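Coordinates in review
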Amino acid sequence: MPLSEHEQRVLEQIERSLYAEDPKFRAAVNRSSRKRVSVGSLRLAILLGILGLAVLVGGVWLQNVFVGVLGFVIMLGGGIMGLRATQRGAAPAGKGAKGGSTGGAKGSMAEKAQERLRRRFDQS
């Protein structure tokens, strides 16, 4: 459910006051919005997961417990690698793999939202 104009103004005022009162908070917000998911690591993790699944199925087909366990370990390693790659920092919405903006506008998501709000208030 979208916020009303009054709620958006109040939210913007709260955000501005937080930024003004606490520079550490502002730095933390800016730092967290710049984190990116390593696409190469994520691709490798997916590849390991698929490879592990194939080895696991091969182990079941061959009725070899060692091969099945090895496939599970490979698949688990790919899953852990994928989780670590995404936990280091999720890319903000609208960002490409190289960190460039797909929409052409520059800045973090918060900056874009602030700019939209400024334009909206300037028009009224």
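Residues numbered from 1 in each chain as written. Predicted model: local features only at pLDDT ≥ 70, side-chain atom pairs only at ≥ 80, totals over all residues. Heavy atoms only, no water.

Structural notes on the environment of Arg 16
Applicable threshold: Helix numbers and strand numbers start at the N terminus; a helix is a DSSP run of H or I with at least 4 residues, a strand a run of E with at least 2. Each residue's exposure class comes from its accessible area (1.4 Å probe, protein chains only) as a fraction of the maximum for that residue type: buried when under 20%, exposed when over 50%, partly exposed otherwise.
Mapped onto the elements, Arg 16 comes out in helix α1 (residues 5-21). You can call Arg 16 partly exposed: its relative accessible area is 48%. Through-space distance from the C-alpha of Arg 16 to that of Arg 26 is 9.8 Å; in sequence the pair is ten residues apart.

Here's the deal with the pattern of salt bridges
Once their charged atoms are close, side chains differing in charge can pair, the charge on each being opposite to the other. Note the following rule: A side-chain nitrogen of Lys or Arg and a carboxyl oxygen of Asp or Glu constitute a salt bridge if their distance falls within 4 Å.
One pass over the structure, following the stated rule, counts two salt bridges. Residue Glu 5 is joined to Arg 9 by a salt bridge in which the shortest nitrogen-to-oxygen separation is 3.9 Å. Of the two residues, Glu 5 and Arg 9 are both situated in helix α1; the distance of four residues between them amounts to about one turn of the helix. The salt bridge involving Arg 16 is made with Glu 12; its shortest N-O contact spans 2.2 Å. A residue pair is termed a helical-turn pair when its members lie 3 or 4 positions apart in one helix, as Arg 16 and Glu 12 do in helix α1 at four residues. Residue classification places Glu 12 among the buried residues on the basis of a relative accessible area of 10%.

Some words on helix α4 (residues 65-87)
Turn by turn, an α-helix covers 3.6 residues, leaving residues three or four places apart pointing in a common direction. Convention followed: Here the expected span of a helix is defined as 1.5 Å times the quantity of residues minus one. The contact rule is simple, with two residues in contact once any of their heavy atoms fall within 4.5 Å. Nitrogen and oxygen atoms within 3.5 Å of one another constitute a polar contact, given that in protein one can donate a hydrogen and the other can accept it, and given that sequence-neighbouring residues count only through two side-chain atoms.
Taking 1.5 Å per residue, 23 residues should reach 33 Å; α4 reaches 33 Å between its end C-alpha atoms and fits that length. All of the buried residues in α4 are Gly 68, Gly 71, Gly 78, Gly 82 and Ala 85. Buried residues in α4 make contact with α3 (39-62). The opening residue of α4, the one whose side-chain oxygen lies 3.1 Å from the backbone nitrogen of Phe 66, is Asn 64.

Topic: a nonpolar patch on the surface
Which entries qualify depends on this criterion: Each patch is built from residues that are more than 30% exposed by relative accessible area and take part in no salt bridge. Like charges join if they lie within 9 Å; nonpolar side chains (Val, Leu, Ile, Met, Phe, Trp, Tyr) join within 5 Å. In short, Shrake-Rupley with a 1.4 Å probe defines the accessible areas, and a residue's cover is counted only from the protein chains shown.
Together, Val 65, Val 69, Phe 72, Val 73, Leu 76 and Ile 80 line one region of the surface with nonpolar side chains, adding up to about 550 Å² of accessible area. Tracing the backbone through its elements, the reader meets Val 69 in helix α4. By relative accessible area, Val 69 is classed as partly exposed at 44%.

Here we look at the packing of α3 against α4
Between two packed helices, both the angle of their axes relative to each other and the distance between the axes serve to describe the pair. What counts here: Axis lines are fitted through C-alpha atoms, for helices just across the contact stretch, and the angle between N-to-C directions can take any value from 0 to 180 degrees. For classification, angles of less than 35 degrees are called roughly parallel, those exceeding 145 degrees roughly antiparallel, those between 65 and 115 degrees roughly perpendicular, and all remaining angles oblique. Definitions for this section: a left-handed crossing has its near helix turned counterclockwise from the far helix by less than a right angle. A right-handed crossing has that turn clockwise. Under the grouping applied here, Gly and all other residues not named as nonpolar or charged are polar, the nonpolar ones being Ala, Val, Leu, Ile, Met, Phe, Trp, Tyr, Cys and Pro and the charged ones Asp, Glu, Lys and Arg.
Contact geometry of α3 with α4 gives a least axis separation of 7 Å together with a crossing angle of 160°. Taken together, α3 and α4 sit at an angle that is classed as roughly antiparallel. Regarding α3 and α4, the two cross each other, and that crossing is left-handed. Considered class by class, the residues forming the contact of α3 with α4 number 15 nonpolar, ten polar and no charged.

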